[in-house]
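Report on the structure
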Amino acid sequence: MKILITGGGGFIGSYIAEYYAKKDTSSQIHVIDNLSRAKLLNNSKFINFDYNWHYLKKYKNIHFFKEDIQNLGFLKRLMKKNGYDVICHTAGQTAVTSSLSNPYLDFENNAIASVNLLESVRLSDSNPKLILCSTNKVYGDNVNKIELKENDFRYDIKNKNFEGISEEFDLDLCHHTPYGISKLSSDLYFQEYGHSYGLDTNIFRMSCIFGPRQMATENQGWLVFFIICALKGLKIKINGNGKQVRDILYISDLINAIHSLIEKNIKNEVFCIGGGSANSISILELINYLQEILVGEIKYNFENWRSADQLLYISDISKAQKILNWDPKINFKEGIKKTVDWCRENVKLFK
Ligand SMILES: NC(=O)c1ccc[n+]([C@@H]2O[C@H](COP(=O)([O-])OP(=O)(O)OC[C@H]3O[C@@H](n4cnc5c(N)ncnc54)[C@H](O)[C@@H]3O)[C@@H](O)[C@H]2O)c1
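Residues numbered from 1 in each chain as written. Predicted model: local features only at pLDDT ≥ 70, side-chain atom pairs only at ≥ 80, totals over all residues. Heavy atoms only, no water.

Our next topic: the site of the ligand. Lining the immediate surroundings of the ligand are 30 residues, of which Ile12, Asp33, Arg37, Tyr179 and Lys183 lie closest. Between the ligand and the protein, one listed contact pairs an oxygen atom with a backbone N or O atom of Phe11 at 2.9 Å. One of the backbone N or O atoms of Ile69 is found 3.0 Å from a nitrogen atom in the ligand. Secondary structure elements with two or more residues in the shell around the ligand: α1 (11-23), α2 (37-40), β5 (129-135), α7 (178-197) and β9 (208-210). The element best represented in the shell around the ligand is β5, accounting for 3 residues. Considered class by class, the residues forming the shell around the ligand number 11 nonpolar, 14 polar and 5 charged. (Near = heavy atom within 4 Å. Polar contact = N/O pair within 3.5 Å; in protein donor to acceptor, adjacent residues only side chain to side chain. Helix = DSSP H or I, 4+ residues; strand = E, 2+ residues; numbered from the N terminus. Nonpolar A, V, L, I, M, F, W, Y, C, P; charged D, E, K, R; others polar.)

Structural data, given as structure tokens:
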């Protein structure tokens, strides 16, 4: 198999690359990344952002391109030279906060870069399976219209029959944040290149993905960032009341879902992917759980709410369960423990 991974030097992309590099040593894995995470998150000092890029160098069947996917000429040449079977598009600007301070940079790296990728495939002779890493943020503030119950440590959905946010949930006429819009526009462009040009485009709208090797910061990767703060004895800053809930998914379960999509004869689908309601957790519950497993008091304080924060986001994963024949295998407590173990062993990476 010949597979291209944009953003392969990042968290999710590097796991996809590693999975296929190990699975079949005759596979050719091409990774493109411009190593811009530090710049995009405006945070070059805190951690070793290029860790995953160097980590992958041990695999002989991974080929590296240090390039910006806004470079359409480069992408066209790459597509012409290589008939890929699969393209996983993970590259992008990932933080809501950065998108609010620099909406144009966000638009360039998410919307324009995605259209460039699609265009380079459209103009080539190949027809790879394309997979976009989209996000729960495409539903914006509409998520906050769901009726919630406020409990001591978390919000819950009032209606017990409501499984969570599905692919059909309303994504129009609401506050989104620039990140939500740039990701929604890539999501829609992916759908459109399927409809208008017959490309095999597929979309994963993902909730919170976490695990070892996530180079988390205050602005992206909240769960791993809180683990790092806890391990280093730093005070955790909670925006809002800490009762916000997310369904969290351990990275190996995401890779299993991607593999299932690649293996099956599925075309032009959108899936909500996350841990589902069984793996949902609030910030306060995470802190309580970290105190339990680290056996120590964790310092934290409360600050203002963030713009357009979703009070509760739980993915309805029933479509993915049925069509991809997939289920999360690592429950959230096990996933958190594995991540804590890795962060503890690698705490030096987080200066
Ligand atoms: N991690 C999550 O919880 C999560 C949740 C929902 C959606 N997503 C989406 O999944 C994707 C991957 O997320 P991640 O956590 O692996 O992020 P990441 O920042 O670790 O990886 C993204 C990579 O893309 C690269 N990149 C950015 N712009 C680029 C460009 N123009 N050209 C080439 N490379 C570029 C960065 O250098 C980085 O290495 C993102 O698109 C993100 O929006 C992630």
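A word on α7. Residues lying three or four places apart along an α-helix face the same way, a consequence of the helix completing one turn every 3.6 residues. Compared with the 28 Å implied by 1.5 Å per residue over 20 residues, the 27 Å span of α7 between its first and last C-alpha is a close match. Those residues of α7 that sit buried are Tyr179, Gly180, Ser182, Lys183, Leu184, Ser185, Ser186, Asp187, Phe190, Tyr193 and Gly194. Residues of α7 that are buried sit in contact with β4 (86-89), α5 (96-101), α6 (103-122), β5 and β8 (200-206). Phi for Gly198, located one or two positions after α7, is positive at around 70°. (Expected span 1.5 Å × (residues − 1). Buried < 20%, exposed > 50% of the residue type's maximum accessible area, 1.4 Å probe, protein only. Contact = heavy atoms within 4.5 Å.)

Take the side chain of Asp316 next. Residue placement: Asp316 occurs in the loop between β15 (312-313) and α11 (318-323). For the buried Asp316, no salt bridge exists, and the shortest N-O distance to an oppositely charged side chain is 11 Å, to Lys319. At 2.7 Å, the side chain of Asp316 and the side chain of Ser318 are in polar contact. Those residues in contact with Asp316, other than ones at most four positions away along the chain, are Glu163, Gly164, Ile165, Ser166, Glu167 and Cys272. (Lys, Arg positive; Asp, Glu negative; His and termini not counted. Salt bridge = Lys/Arg side-chain N within 4 Å of Asp/Glu carboxyl O.)

A few words on the packing of helix α4 (residues 72-81) against α6. In contact at an axis separation of 9 Å, α4 and α6 are set at 35° when each is read in the N-to-C sense. Helix-helix and strand crossings are classified by hand; for α4 and α6 the assignment is right-handed. Note on element contacts: α6 touches α4 through Asn116, Leu117, Glu119, Ser120 and Val121, opposite Leu72, Leu75, Lys76 and Met79. Of the residues assigned to the contact of α4 with α6, the class counts are 5 nonpolar, 2 polar and 2 charged. (Axes fitted to C-alpha atoms, helices over the stretch in contact; angles between N-to-C directions. Left-handed = near helix turned anticlockwise from the far one by under 90°.)

Looking now at the environment of Thr6. Within the fold, Thr6 resides in strand β1 (residues 2-6). Along the chain, Thr6 and Ala17 lie 11 residues apart, while their C-alpha atoms are 10.0 Å from each other. Not counting residues within four places of it along the chain, the set of residues in contact with Thr6 comprises Ile32, Ile69, Cys88, His89, Thr90, Ala91 and Leu117.

A few words on the side chain of Asp33. For Asp33, the position within the fold is in strand β2 (residues 28-33). Buried and unpaired, Asp33 has no salt bridge, with Lys66 as the nearest side chain of opposite charge at 8.5 Å. A distance of 2.9 Å separates the side chain of Asp33 from the backbone nitrogen of Gly9, its partner in a polar contact. Once you skip the residues sitting within four places of it in the chain, Asp33 turns out to touch Gly7, Gly8, Gly9, Gly10, Trp53, Phe65, Lys66 and Glu67.

Moving on, we come to α4. Within the span of α4, buried status applies to Phe74, Leu75, Leu78 and Met79. All buried residues of α4 lie within an arc of 130° about the axis, which places them on one face of the element. Opposite its buried face, α4 presents the exposed residues Arg77, Lys80 and Lys81, each directed more than 90 degrees away. Here the buried face of α4 lies against β1, β2, β3 (62-66), β4 and α6. One side-chain oxygen of the residue at the start of α4 lies 3.3 Å from the amide nitrogen of Gly73, identifying that residue as Asn71. (Arc of directions from axis to C-beta.)

Where charged atoms from two side chains of opposite charge come close, those side chains can pair. According to the stated counting rule, one finds 14 salt bridges in the structure shown. Among the ionic pairs, Glu303 bridges to Lys237, the shortest N-O distance being 4.0 Å. Within this pair, whereas Glu303 is found in strand β14 (residues 300-303), its partner Lys237 is found in strand β10 (residues 236-239), the two being separated by 66 residues in sequence. Classification of Glu303 by relative accessible area gives partly exposed; the value is 35%. Of the residues examined, Lys237 reaches a relative accessible area of 32% and is grouped as partly exposed. Linked through salt bridges whose partners overlap, the residues forming this network are Glu18, Lys22 and Arg213.

Counting buried residues in strand β11 (residues 245-250) gives 6 out of 6 residues, a clear majority hidden from the surface. Every second residue of β11 is oriented toward a common face, with Val245, Asp247 and Leu249 on one face and Arg246, Ile248 and Tyr250 on the other, all of them buried. Sheet topology places β9 next to β11; 3 bridges connect them, and they run parallel. For Ile209, the partnering residue across the bridge sits in β11 and is Leu249. Pairing geometry for β11 and strand β13 (residues 280-282), over 3 bridges, is antiparallel. Residue Val245 lies in a different strand from β13, and its bridge partner there is Ser282. Of the pairings in the sheet, the one linking β11 to β15 comprises 2 bridges and is parallel in character. In the strand pairing of β15, Arg246 is matched with Tyr313. (Pairing = 2+ DSSP bridges.)

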